[in-house]
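Here's the letter readout for the chains.
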Amino acid sequence: MCNVSVIIPIYNVEKYLKRCLDSVVNQTLKDIEIICFDNNSTDNTVQIIEQFAQDDKRIVLHKSQVNLKQGLARNHCVLIAKGKYIFFIDGDDYMAPDCLEKMYEKIEHDGSDIIICTWNQFDDETGKILEGHSYAKLAQIPQEFDEKTFSWRDIKETVFWQTSVPWDKIYKKDFLITKNVEFPGGIFFEDNVFVYDALFKAEKISILRKDLMFYRVNRNAAVTNTRNETFFDYLKIFNLIGENLKKINLYDEMKYYYLDYKIITLYWWFMKIKLPYKKRFFELI
């Protein structure tokens, strides 16, 4: 067992991968394993990982012959991970040098199932760090929770407006396994399903208002920038979130917050989707 298993699902990110891996292998918390899962990349991604692995035995490379997308790749890595805690990072993002150390110390101290940090954006076009927005700064979580743990009931009215990304959090592995928190497979935007399921099942959540992650924006190949039929998967995502609420008998209690979140978010993405796909997206909604 090690302290933290860092899971990196990767597909064709040769341009960004070195910076990501540099930020992981140089963490001040040394007792980690680094699981890289390659989704059948066609560029030099695998060669870059193999070069890093020659110098750092903490790196484990798994190669898939088909593209499982991020969800199933992450699920597989969680099952084989040796760490007490799980941390996800995407191959085009990077972390502050003390990211894992700071989050590990606090989640250990608090005995939480999940810890969430704040983060900044990194503009791929300009190379500048953007301070981010209230979403990234956990503005909807009262300051009183900085020094104590809480659960979703303490933020019931705003739980669906918390960050739905998996990579600003550390999760206790036993929690993910025993509560059966998994990513759905075969669809885009699967992060939302995983994160909200985790938040609703966690008994204790901690936050750390320290910018420890850097999320790359304005990257042309990013799924959110395609603005095409991949956005249709948002309908599947919201259905899965609703189904998960029913499984834990919270749908009736949360349905108005859930539907509010669903309607506003779908409208947001309807405005973003490219014109050739708007009519079909509208029909699906």
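This one's a predicted model, so the numbers in the text were calculated from it and none came from an experiment.

Trainee: Quick rundown of the overall build of the protein? Include the residues and the values.
Mentor: Helix and strand content of the protein: ten helices and nine strands. Taken against the 2.2 N^0.38 rule, which gives 19 Å for 285 residues, the C-alpha radius of gyration of the protein at 18 Å falls within 12% of a compact globule. The principal-axis extents of the C-alpha atoms in the protein amount to approximately 50 × 45 × 35 Å. Counting only contacts in the protein whose residues sit at least 6 apart along the sequence, the fraction spanning at least 24 positions is 78%.

Trainee: A description of unusual backbone geometry should follow, citing residues and the corresponding values.
Mentor: The backbone of K69 shows a phi angle near 65°, a positive value even though the residue is not glycine. The backbone of N249 sits at a positive phi, close to 60°, despite the residue not being glycine. For N249, the location among the structural elements is in the loop between helix 8 (233–247) and helix 9 (251–272). What makes N249 exposed here is its relative accessible area of 69%.

Trainee: Give me the packing of aromatic side chains: which residues, what numbers.
Mentor: Considering all chains together, one arrives at 33 aromatic pairs under this definition. The interplanar angle of 90° and the centroid separation of 5.7 Å between the aromatic rings of F88 and F194 together place this pair among those described as edge-to-face. Residue F88 is located in strand 4 (residues 83–88), and its partner F194 is located in helix 6 (residues 191–201); the two are separated by 106 residues in the primary sequence. Like F194, F88 is buried. Each ring, one from W119 and one from W167, has its centre 4.8 Å from the other, and the planes form 70°; the classification is edge-to-face. Residue W119 is located in strand 6 (residues 114–123), and its partner W167 is located in the loop between strand 7 (129–130) and strand 8 (169–172); the two are separated by 48 residues in the primary sequence. When its relative accessible area of 2% is taken as the criterion, W167 is described as buried.

Trainee: Please set out the environment of D93 residue by residue, giving values where relevant.
Mentor: Along the chain, D93 falls in the loop between strand 4 and strand 5 (94–95). Note: C-alpha distance between D93 and D38 (55 residues apart in sequence) is 16 Å. Residues within four places of D93 in sequence aside, it is in contact with C20, W167, M213, F214, Y215 and R216. Of note is the side chain of D93, whose polar atom sits 2.9 Å from the backbone nitrogen of R216.

Trainee: Talk me through the pattern of salt bridges; I want residue IDs and the actual numbers.
Mentor: Taken as a whole, this structure holds 18 salt bridges when the rule is applied. In this structure, R74 engages D90 in a salt bridge whose closest nitrogen and oxygen atoms are separated by 2.9 Å. Placement of R74 in helix 3 (residues 69–80) and of D90 in the loop between strand 4 and strand 5 is noted, with a sequence separation of 16 residues between them.

Trainee: Lay out helix 8 with the relevant residues and their values.
Mentor: With 15 residues, helix 8 ought to run about 21 Å at 1.5 Å a step, and its terminal C-alpha atoms sit 21 Å apart, in line with that. Among the residues of helix 8, those classed as buried are D233, Y234, L235, I237, F238, I241, G242, N244 and L245. Its buried side turned inward, helix 8 meets helix 6, helix 9 and helix 10 (275–284).

Trainee: Just give me the short version of a nonpolar patch on the surface, but keep the residues and values in it.
Mentor: On the surface, a cluster of nonpolar side chains totalling about 270 Å² of accessible area is made up of L79, I80 and I177. Owing to a relative accessible area of 61%, L79 belongs among the exposed residues under this scheme.

Trainee: Could you give an account of the pairing of strand 2 (residues 32–38), with specific residues and numbers?
Mentor: In terms of burial, strand 2 is a largely internal element, seven of the seven residues being buried. Of the two faces of strand 2, the one holding I32, I34, C36 and D38 and the one holding E33, I35 and F37 are both buried throughout. Here strand 1 (residues 2–10) runs beside strand 2; their pairing, made up of seven bridges, is parallel. Looking across to strand 2, one finds that S5 is bridged to E33. In this region the chain leaves strand 1, passes through helix 1 (residues 17–25) and returns to the parallel neighbour strand 2; the handedness of that crossover is right-handed. For the handedness criterion, the β-α-β arrangement of strand 2, helix 2 (residues 45–55) and strand 3 (residues 59–63) is classed as right-handed.

Rules used throughout
- Residues numbered from 1 in each chain as written.
- Predicted model: local features only at pLDDT ≥ 70, side-chain atom pairs only at ≥ 80, totals over all residues.
- Heavy atoms only, no water.
- Helix = DSSP H or I, 4+ residues; strand = E, 2+ residues; numbered from the N terminus.
- Rg over C-alpha atoms; globule rule 2.2 N^0.38 Å.
- Contact = heavy atoms within 4.5 Å.
- Buried < 20%, exposed > 50% of the residue type's maximum accessible area, 1.4 Å probe, protein only.
- Phe/Tyr/Trp six-rings, centres within 6.5 Å; stacked < 30°, edge-to-face > 60°.
- Polar contact = N/O pair within 3.5 Å; in protein donor to acceptor, adjacent residues only side chain to side chain.
- Salt bridge = Lys/Arg side-chain N within 4 Å of Asp/Glu carboxyl O.
- Expected span 1.5 Å × (residues − 1).
- Patch = residues over 30% accessible without salt bridge, like charges linked within 9 Å, V, L, I, M, F, W, Y side chains within 5 Å.
- Areas by Shrake-Rupley, 256 points an atom, 1.4 Å probe, with all protein chains shown as cover.
- Pairing = 2+ DSSP bridges.
- Right-handed = clockwise from strand over helix to strand, strands pointing away.

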